[in-house]
Protein chains: 2
Amino acid sequence: METPTPFQSSPENTHSQIMQASYEALRKHGYSNLTIQRIGDEFPKSKSLIYQHYDGKDELLVALLEFLLEQLKDHVPTDGFDDAHEHLQALIDHALPASFESEHTDFMGAVAALRGQAPHDDAYREQFAKISEFHREHMTDIIRDGIDQGVFRAVDPEQSAAFLMTALHGARNQRVTTGNDEPIAALRRELFEYVQMRLVIDTENG
Amino acid sequence: METPTPFQSSPENTHSQIMQASYEALRKHGYSNLTIQRIGDEFPKSKSLIYQHYDGKDELLVALLEFLLEQLKDHVPTDGFDDAHEHLQALIDHALPASFESEHTDFMGAVAALRGQAPHDDAYREQFAKISEFHREHMTDIIRDGIDQGVFRAVDPEQSAAFLMTALHGARNQRVTTGNDEPIAALRRELFEYVQMRLVIDTENG
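Residues numbered from 1 in each chain as written. Chains lettered and ligands numbered in written order. Predicted model: local features only at pLDDT ≥ 70, side-chain atom pairs only at ≥ 80, totals over all residues. Heavy atoms only, no water.

Per an unreviewed UniProt entry, chain A carries the name TetR family transcriptional regulator and comes from Halocatena salina.

### Re the relation of the copies chain A and chain B
At an RMSD of 0.0 Å, chain A and chain B line up after a rotation of 180° and a shift of 0.0 Å along the axis. A rotation of that kind, with that shift, is consistent with a two-fold axis. Taken as a fraction of all interface residues of chain A, those also at the interface in chain B reach 100%, which identifies the copy contact as same-surface. (Least-squares fit on C-alpha atoms with pLDDT ≥ 70 in both. Contact = heavy atoms within 4.5 Å.)

### A few points about the packing of aromatic side chains
Summed over the entire model, instances satisfying the criterion amount to eight aromatic pairs over all chains. The interplanar angle of 85° and the centroid separation of 5.6 Å between the aromatic rings of Phe163 of chain A and Phe163 of chain B together place this pair among those described as edge-to-face. Linking Phe163 of chain A in helix H8 (residues 157-178) with Phe163 of chain B in helix H8 (residues 157-178), this pair reaches from one chain into another. Taken together, the ring pairs in this structure connect Phe163 and Tyr194 of chain A together with Phe163 and Tyr194 of chain B into an aromatic cluster. (Phe/Tyr/Trp six-rings, centres within 6.5 Å; stacked < 30°, edge-to-face > 60°. Helix = DSSP H or I, 4+ residues; strand = E, 2+ residues; numbered from the N terminus.)

### A look at the side chain of Thr177 of chain B
Structurally, Thr177 of chain B is set in helix H8. Of note is the side chain of Thr177 of chain B, whose polar atom sits 2.7 Å from the side chain of Arg115 of chain A. Among residues more than four places away in sequence, those in contact with Thr177 of chain B are Arg115, Ala118, Pro119, Arg125 and Phe128 of chain A together with Ala112 of chain B. (Polar contact = N/O pair within 3.5 Å; in protein donor to acceptor, adjacent residues only side chain to side chain.)

Structural data, given as structure tokens:
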């Protein structure tokens, strides 16, 4: 499982450096204790450059959120699979691995912290609506492919995709907002059971 | 479907009045723009009383969260059902009704706003761990009852409960953080399909 590492190496350009500094500060301090001052502490250049680009904490954090969600998109497994069933299993493994590395929970925690702004702030909500749409469409395509390939039953692809995405989102969000790792194993078993029971055409015993 | 209305009428005692004022202020302003000043604006007594009881915004909001989660518990449908299947359907309808009233989305939005603090603040995380545990146990009991009553298959009750709770949480959280009502209908259909396919023993045609 590929852990999201939003910043592979020290970026050179100012925009990427501001994003990296904001991410580090958010990871360390959470949303409520985050200040431009603290972002500045993580930034290798003059803090005044941050103020030149962004009007305040939330404008900067919405830009960070957009940046992080783009990283999420780039890391979604898209090819190299024998069929849609293998693709779907890889996607579930990617979103909900048997155990999370700390970089991964840090990343999910940072996104979950920004998600708390979404109920009362359009700019954040718009970003979350966009990523949720992206994931749902991607999952729908995989299920549709599986039906075309004859490995999945003729379900309603959008309905099953909405269900799977929601369960994956719920599991990831709960993991970082309850700190409880324990239900993950049971959840994964039931998700794979659901896929097997609802989607997969059993060619061996069917 | 019973909408959560945390404050049925104007409360008399200071603690309940502080809770109500905090809830109103959170609903209106969200987390980041919330100040003790703004909570004071909703409070019928002297603002200094708030400072006497709470050291700051987060201490007050954790108390509000605990209060709101107690309300959630009190509203969970617990009896008056013919069997566990009817009980489970009522619970799903309660958590994820076909359409949400605005009081309900306001409530979910307020809780989701506080959830954003959980990844970086133990006190919030502890509250969310507690409520998630409560819901999972309640759901497990219903599924176990259903197995005992002979209406549900002999599944692993904890595993199915974890899955259902996670899907419901994911749906509610996505609803208020994306603003998108649209996937709810598809989700509900698939949740009920899952219950039927995975849990219910079909006595008419089986």
